Amino acid sequence: MSSSIIELRNVSKTYSTAAGDFIALTNVNMNILAGEFLGIVGKSGAGKSTLLNMINGVDQLSSGEVIVRADNENISIHTMSEDERARWRGKKMGVVYQSFQLLPMLTLIDNITLPMDLSDNYKPRESKERAMQLLQLMELEEHANKLPAFISGGQQQRVAIARALANDPPILVADEPTGSLDSITADHIFEVFEHLITDQGKTIVMVTHDVGLVSRFSRSLTIADGELLSESIPDTKLNHGRKK
Amino acid sequence: MRPRWRKVLHDLIDNKARTLLVVLSIAVGVFSIGVISGAYQIISNDMSVSYAANHPANVELRMANYNTDVLTSIHNAQGIGEAEGRRVNNFRVRAQGSDQWVALDVVALESFSKNQVNLLAPVSGAVEAGKDEILLEKDALKKLNAAVGENLTLELSDGTLKELKLVGIVQDVSTGAGDFLAPPFAYVVMKTLPTLRQPELFNRAYVTVAEGQDDIANIREVGTALKDRLDKNGTAVSRTRFSETHKHPLADTVNAILGILLALGILIVFLSSSLIANTLSALLSQHLRHIGVIKLVGGRNKQVFAMYLTLIMAFGVLALLIAVPLGGQGAYGLALFIANKLRFNLLGYRIVPMALMIQVAVGLLVPLVAGLAPVISGSRITVLRALSGDLAGDENKPQAGQPDRLPWFDYMLVRVTRILAMRGIHIPRPFIISLRNTFRRRGRLMLTLFTLTMGGAIFIAVFNVRVTLHDYIGAIGSYFRADVTVDFDKTYRLSEIQNFGLQVDGVERVEAWQFIGTELLYPDGAVADNLNMLAPPANSKLVNPIIVAGRWIRADDVRKFAVSEAILNFFPDLKPGDPIHLKIKGRTEVWEVVGIFKFVGREGILAYTPFEYSSQVLNLTNRSSSYRFVTTQHDRATQDLMAERLDHFFRGAGFKVRQAESGLASLDTASESLDTLVVFLLIMAILTAIVGAMGLTGTMGMNVLERTREIGIMRAIGADDRAVMRTVIAEGFVIGAMSFGLAIILSIPFTYLLSTIVSLAVFETPIDVVFTYMGYAIWFGLILVLSVVASILPARNAARLTIREVLAYE
Ligand SMILES: Nc1ncnc2c1ncn2[C@@H]1O[C@H](COP(=O)(O)OP(=O)(O)OP(=O)(O)O)[C@@H](O)[C@H]1O
Ligand SMILES: [Mg+2]
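The structure displayed is predicted, hence computed values, not measured ones. (Residues numbered from 1 in each chain as written. Chains lettered and ligands numbered in written order. Predicted model: local features only at pLDDT ≥ 70, side-chain atom pairs only at ≥ 80, totals over all residues. Heavy atoms only, no water.)

Colleague: Explain the overall build of chain B here, please?
Modeller: Summing up its helical and strand segments, chain B has 20 helices and 20 strands in all. Seen through its principal axes, chain B has C-alpha atoms that stretch 95 × 65 × 55 Å. If you take every contact in chain B between residues at least 6 apart in sequence, the share linking residues at least 24 apart comes to 81%. Carbon and sulfur atoms make up 59% of the accessible area of chain B, which amounts to about 34200 Å² in all. The average position of the 79 basic charges and that of the 72 acidic charges among the side chains of chain B differ by 11 Å. (Helix = DSSP H or I, 4+ residues; strand = E, 2+ residues; numbered from the N terminus. Contact = heavy atoms within 4.5 Å. Areas by Shrake-Rupley, 256 points an atom, 1.4 Å probe, with all protein chains shown as cover. Lys, Arg positive; Asp, Glu negative; His and termini not counted. Charge placed at Lys NZ, Arg CZ, Asp CG, Glu CD.)

In structure tokens, the structure reads:
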């Protein structure tokens, strides 16, 4: 069995609102394994996004621990400041949201180059080449110099994925990446993800409310009312060879 | 280019209207500061340099006729450098082919080539006049339409006419430099005096001190000693004037005025920075999502901060590119204008390094200071808030963590409309929407109101100041002005002048006034200053004094006088009833002060004593050389006509008339210089108004942008272009109307403040404030126009939005 790349220990999240405290996550324990395609499924309001934001460091947990073991480093996300988390996320974790979150004034190639520019991981020349390769991977190279507004939603989402891969992070987290796409386009996105796992050894965590997608993950967890319910390992091609 | 800098570049150029607004707001401040600080530097340097370059006299003495022997003795007196004797007579002069007489002071010099003091600079034609030739000071050309080569006609005191050939135009920046009211000058050589039926004797001395030329105490000491010696040796000195070589006599006034302008300039910078703060915080809140995205993909606070800081600095640099060249030009233009008005020269166009530095500092610091708070809070925002936050950043929209209730203003509005509706009054719905929008962003509304109100208040105050100053000049005029003043070259009996004068149609009354030239002495006998004592009949209606302390003169006053406030400069504790030492006709006498009245401090100390007593002092019972005429009508045209008529009449009857002047004539000069000042104040007021209008445009633009979705929905449910535009314009209108109400209130303290500062600078005395409806009316019209104009652009943009664009907007 692969080693765990992300470990959540007793993670809880409470939002304080005027109407009182609201518990969005209670004592979540989970291990995410290197190289797996983990699906987190649940109804709207179940706490999926909240959980994902604990993993990628966009939000701060209320109690518990989140430990990421990537590239021979052990990082405790919950102890870092917001600014440190941003820096770490830029290098180690690609993030994809349902609303693609591209910068509208930058061309596709510039959108993809941005994380490399911010992290200073690559020289300007290299980052440009790398962005172009990622666009090719997404089969969007002919649109490189277009603005996001001039391509379709599915294409924008692939640009967002390319941007998430810019600094070659070992982990990719995606919150409803196919949520606003039609099923054919969504299929294409899944193909990209599967390709990233098999060919590049990435670990992908994806959140969806669509139970119908469960069969596409190598493993999926169900969340309801802020608690992890069950685990299922469907029979998919990703799991061949892993299951007996 | 790296993508993050490319984003900054796009932020700069994609929204041109916003960039223009921010850049212009900064530029207005930089421009005004540049103009004023530049002009200040140029003037404070050139004014003294150009004044000093013409070897101005340190002491000017007005004396009885004297000859070259006396001049030699002046030259040899203790501490004297140069000394030059001149003869100055006032003549009526007219140009060839004109019948317009102009009073000129004709200055006779011994020799043009040996001229050492109060030098004449060539302008055109010859620099020396030979016998029966004349030079004109270039200012005289403003009144006299003459060209070099033509003849000028001079009217001599006995009424005969003489022609002198105009051979050149010169400039004399020293003689009469401190006197707003001095007549223009012309120059002849002494040899010409017989032609003008004048003795070849001097009546003025222009003297420099040998050392300490910039030490007013030394100049005063040397000058006073010289005067005493001359008096003792039998040459009466009627007036002395002291001035430093490197200080233009009007330097203090000009500096004070530039100081006022500078204060207004700083205010403009202040206002524009609040406008910039407004725009930048709106920009940052519109950019929240961008910041969230940047942080999501690994951007750190520092990087975000640097990006927005760069954006702000870019605004500053663009503003500098516009404002620095314009400011430099403006500074020189302003300096040139003031120099022309006050008759001094500039040393040529140049860039003032100090002003440039101030501009750069203002241009970079103002946006930095105004934008720092929004940029810091913007760059510190968490990804979660940035991405989840409502893009419009609507303050009153209930957000997570806020109780879900109606904002207070909306609540009020709903209540009020409901109550009104119950009584059958229906407020149009779009208007309610406008009102709600206006109050939605309270912080922004406050800043916009603040800028507009300040602009309006200053605008209104400037008009009040103008009326106040004119009113004051009018009050000053009432001290010693009749409808017509006729001065004769010799004294005549009052009864004689009355007999003749009352024959002239339109003359109602005649008064004889006398004049005693005296000197104010310190108790130890040292001369403090000249004191000009006028002697009208005690019951004269031609003086209407503003008494500050004590009383006005009475017919039975003996050795008593009323004196202007300027005396307090020398005797700060002076009270009515106090004794004062005066030097009158060479004798020291002790007089009693009966009252103190307001007057222009700059014009020296003025005093009044009754004619009844002055006739004893001067030994002229019922005789005088100066007569005041009251005419049946008091308008300017009648006064001019009557002056002409009296002049003719008395000359025709064989009287030796020196000049007949209408009452308002010399006040015009004073009003004119004040109007120049008012024009500058008005320019500053207009600049503040522009800043206010830009603030309003910006606010409207931001409001419209943030309401894009709402406007789309309005359109989707059937609102047409006009309805959308009307909503936006109504909003601008409400803001404009509110600011007008506030400006009315604020203009009152501003009027007092500005009037006091200006009158202290110009008249050296605080004055009574007068209000006029003019400024209010003009500003009301202007604010209506401004608020509509400021809303039109955003309104048109709003109307142009299609539903598709609105839905695409995010
Ligand atoms: N900032 C917040 N303040 C208060 N409550 C919040 C906040 N964010 C989320 N919640 C609450 O926490 C719960 C879980 O929210 P979350 O966004 O994780 O749900 P989700 O499973 O992602 O739903 P969806 O499928 O609709 O995206 C919800 O009930 C939500 O109302
Ligand atoms: Mg969600």
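Colleague: When you look at the overall build of chain A in this model, what are you seeing that I'm missing?
Modeller: Of the regular secondary structure elements, chain A holds six helices and 10 strands. In terms of its C-alpha atoms, chain A occupies a principal-axis envelope of roughly 45 × 40 × 40 Å. Counting only residues that meet the buried cut, chain A has 57% of its 244 residues in that class. Taking the intrachain contacts of chain A between residues at least 6 apart in sequence as the baseline, contacts between residues at least 24 apart amount to 67%. Of the accessible surface of chain A, which amounts to about 10500 Å², a share of 48% is contributed by carbon and sulfur atoms. Placing the 24 positive and 31 negative side-chain charges of chain A at their respective mean positions leaves the two points 3 Å apart. (Buried < 20%, exposed > 50% of the residue type's maximum accessible area, 1.4 Å probe, protein only.)

Colleague: Whenever I open this one, the side chain of Glu244(B) confuses me. Can you help?
Modeller: Residues and elements named next belong to chain B. In this structure, Glu244 sits in the loop between β10 (237-242) and α5 (251-286). Although buried, Glu244 forms no salt bridge, and the nearest oppositely charged side chain, Lys247, lies 4.5 Å from it. Apart from the residues within four sequence positions on either side, Glu244 is in contact with Tyr51, Asn58, Gln213, Asp214, Asp215, Ile216 and Ile219. (Salt bridge = Lys/Arg side-chain N within 4 Å of Asp/Glu carboxyl O.)

Colleague: Any chance you could explain the interface of chain A and chain B here in plain terms?
Modeller: The accessible area lost on association of the parts is a frequent measure of interface size. Facing the 28 residues of chain A at the interface are 28 residues of chain B. Summing the contributions of chain A and of chain B, the shared interface buries around 2600 Å²; its carbon and sulfur component is 60%. In this structure, the connection of chain A to chain B is made through four salt bridges. A salt bridge links Arg2(B) to Asp120(A), with the nearest nitrogen and oxygen atoms 3.4 Å apart. Between chain A and chain B we count 11 residue pairs in polar contact (both at pLDDT 80 or more) in total. (Buried area = accessible area lost by both parts, 1.4 Å probe. Polar contact = N/O pair within 3.5 Å; in protein donor to acceptor, adjacent residues only side chain to side chain.)

Colleague: Before we go on, may I ask you to explain the site of ligand 1 in this structure?
Modeller: All names here are of chain A. Looking at ligand 1, there are 13 residues lining it, with Ser44, Gly45, Lys48, Ser49 and Thr50 nearest. Contact between ligand 1 and Lys48: an oxygen atom at 2.7 Å from a side-chain N or O atom of the residue. Burial of ligand 1 by the protein chains amounts to 65% of its free accessible area of 630 Å². Contributing elements (two or more residues each) for the shell around ligand 1: β1 (4-17), β2 (20-33) and α1 (48-55). Looking at the shell around ligand 1 element by element, the count peaks at three residues for α1. (Near = heavy atom within 4 Å.)

Colleague: Looking at this model, I keep getting lost on the pattern of salt bridges. Mind explaining?
Modeller: It is possible for side chains bearing opposite charge to pair when their charged atoms get close. As enumerated under the stated definition, the model contains 34 salt bridges over all chains in all. The partner of Asp139(B) in a salt bridge is Lys142(B), with the nearest N and O atoms 3.5 Å apart. Among the ionic contacts, a cluster of salt bridges with common partners joins Glu7(A), Arg9(A), Glu65(A) and Arg69(A).

Colleague: Hey, could you run me through the environment of Ser243(B) in this one?
Modeller: Residue and element names in this part refer to chain B. Relative to the elements of secondary structure, Ser243 occurs in the loop between β10 and α5. Ser243 sits in the buried class, given a relative accessible area of 15%. Residues Ser243 and Asp524 lie 281 residues apart in sequence; the distance between their C-alpha atoms is 23 Å. Excluding residues that lie within four positions of it along the chain, Ser243 makes contacts with Tyr51, Ala57, Asn58, Ile216 and Ile219. A distance of 3.4 Å separates the side chain of Ser243 from the backbone oxygen of Ala57, its partner in a polar contact.

Colleague: Just to check I follow, could you spell out the nonpolar core for this structure?
Modeller: Generally speaking, a soluble globular protein has its nonpolar side chains buried in company with each other. The biggest cluster of nonpolar side chains holds 96 residues, and the ones touching the most others in it are Ile338(B), Leu469(B), Tyr608(B) and Leu681(B). Broken down by element, the residue count for this core peaks at 15 residues, all from helix α12 (residues 442-480) of chain B. Among the nonpolar cores identified, the runner-up in size contains 76 residues, and Ile55(A), Ile312(B), Ala314(B) and Ala319(B) belong to it. (Core = buried A, V, L, I, M, F, W, Y, C linked by side-chain atoms within 4.5 Å.)

Colleague: How should I be thinking about the domain arrangement of chain B in this particular structure?
Modeller: Domain assignment breaks chain B into domain 1 (56-244), domain 2 (406-479 + 665-810) and domain 3 (484-633). Look at where the C-alpha atoms of domain 1 of chain B and domain 3 of chain B centre, and you get two points 27 Å apart. (Domains from an automatic or database assignment.)

Colleague: What should I look at first to understand the environment of Thr224(B) in this one?
Modeller: Residue and element names in this part refer to chain B. Mapped onto the secondary structure, Thr224 falls in helix α4 (residues 216-232). Given a relative accessible area of 14%, Thr224 falls into the buried group. Sequence separation between Thr224 and Val237 is 13 residues; the distance between their C-alpha atoms is 10 Å. Once residues lying within four places of it in the same chain are set aside, the contact partners of Thr224 are Phe242 and Val527.

Colleague: How do you make sense of unusual backbone geometry when you look at a structure like this?
Modeller: For residues besides glycine, phi is generally negative; the peptide bonds are generally trans as well. The phi dihedral of Asn10(A) is positive, around 50°, even though this residue is not glycine. With respect to the helices and strands, Asn10(A) occurs in strand β1.

Colleague: Help me understand the sheet that holds strand β4 (residues 63-70) of chain A, please; the structure alone is not making it clear to me.
Modeller: Hydrogen bonds between backbone groups are what pair the strands of a sheet, and the pairing can be parallel or antiparallel. All names here are of chain A. Spatially, the four strands line up as an open sheet ordered β2-β1-β4-β5, and their pairing is antiparallel. Each of the sheet's edge strands pairs with one partner strand only, and the pair in question is β2 and β5 (73-76). Strand-to-strand twist in this sheet, taken as the mean axis angle between neighbours without regard to direction, amounts to 20°. In terms of strand pairing, β4 meets β5 through four bridges, oriented antiparallel. Across the sheet, Ile67 pairs through a bridge with Ser76, a residue of β5. (Pairing = 2+ DSSP bridges. Axes fitted to C-alpha atoms, helices over the stretch in contact; angles between N-to-C directions.)

Colleague: In this structure, what is going on with helix α3 (residues 108-119) of chain A? I would like to understand it.
Modeller: Because an α-helix completes one turn every 3.6 residues, residues spaced three or four positions apart along the sequence face the same direction. With 12 of its 12 residues buried, α3(A) lies for the most part within the structure. The complete set of buried residues in α3(A) reads Leu108(A), Ile109(A), Asp110(A), Asn111(A), Ile112(A), Thr113(A), Leu114(A), Pro115(A), Met116(A), Asp117(A), Leu118(A) and Ser119(A). Check the buried side of α3(A) and you find it contacts α2 (82-92), α4 (124-137) and α5 (153-164) of chain A together with α1 (3-14), α6 (288-296) and α7 (301-341) of chain B.

Colleague: Can you help me understand the packing of α5(B) against helix α18 (residues 721-762) of chain B in this one?
Modeller: The relative placement of two packed helices is expressed as an angle between their axes plus a distance between the axes. Residues and elements named next belong to chain B. Across the interface, α5 lies against α18 with an axial gap of 8 Å and an inter-helix angle of 160°. When the axis of α5 is compared with that of α18, the two are roughly antiparallel. Relative to α18, the crossing made by α5 is left-handed. Contacts between α5 and α18 involve Thr253, Ala256, Ile257 and Ile260 from the former and Leu754, Ile757, Val758, Ala761 and Val762 from the latter. Looking at side-chain class alone, the contact of α5 with α18 contains eight nonpolar, one polar and no charged residues. (Parallel < 35°, antiparallel > 145°, perpendicular 65-115°, else oblique. Left-handed = near helix turned anticlockwise from the far one by under 90°. Nonpolar A, V, L, I, M, F, W, Y, C, P; charged D, E, K, R; others polar.)

Colleague: Explain empty space enclosed by the protein to me, please; I cannot follow it from the model alone.
Modeller: Gaps left between atoms are located by rolling a probe of water-molecule size over the structure's atoms. Enumeration over the complete set of coordinates arrives at two cavities of 30 Å³ or more. Put simply, the largest cavity is a space of about 90 Å³. Met93(A), Gly94(A), Arg163(A), Ala164(A) and Val297(B) are, among the 13 residues lining the largest cavity, the residues nearest its centre. Going through the elements one at a time, α2, β6 (93-97) and α5 of chain A are the ones with two or more residues in the lining of the largest cavity. Here the second largest cavity defines a volume of roughly 40 Å³. Forming the walls of the second largest cavity are Met54(A), Asp59(A), Gln60(A), Leu61(A), Val66(A), Ile77(A), His78(A) and Arg85(A). (1 Å grid on protein atoms, 1.4 Å probe; cavity = no way out; pocket = protein on both sides within 12 Å on 5 of 7 lines; lining within 4 Å. Points joined across faces, edges and corners; volume = space filled by probe spheres on them.)

Colleague: Is there a simple way to think about a nonpolar patch on the surface in this case?
Modeller: Residue and element names in this part refer to chain B. A contiguous nonpolar patch, built from Leu20, Leu24, Val317, Leu318, Leu321, Ile322 and Leu326 and spanning about 590 Å² of accessible area, is present on the exposed surface. For the nonpolar patch, the secondary-structure elements that each account for two or more residues are α2 (16-53) and α7. For the nonpolar patch, the element with the most residues is α7, which contributes five residues. Relative to the helices and strands, Leu321 is located in helix α7. (Patch = residues over 30% accessible without salt bridge, like charges linked within 9 Å, V, L, I, M, F, W, Y side chains within 5 Å.)

Colleague: Explain α7(B) here, please?
Modeller: All names here are of chain B. The end-to-end C-alpha distance of α7, which contains 41 residues, comes to 56 Å, matching closely the 60 Å that a straight helix rising 1.5 Å per residue would cover. Ala323 marks where α7 bends most, by close to 30°; the proline Pro325 follows one to four residues later. Two residues or fewer past α7, Arg343 is found with a positive phi of approximately 60°. (Expected span 1.5 Å × (residues − 1). Bend = angle between axes of the 7 residues up to and from the residue.)

Colleague: It is not clear to me how the packing of α3(A) against α4(A) should be interpreted in this structure. Could you clarify?
Modeller: Residue and element names in this part refer to chain A. For the pair α3 and α4, interaxial distance at closest approach is 9 Å and the crossing angle is 125°. Between α3 and α4, the angle falls in the class oblique. At the point where α3 passes α4, the crossing takes the right-handed sense. Of the residues in α4, those in contact with Ile109, Asp110, Ile112, Thr113 and Met116 of α3 are Ser127, Lys128, Arg130, Ala131, Met132, Leu134 and Leu135.

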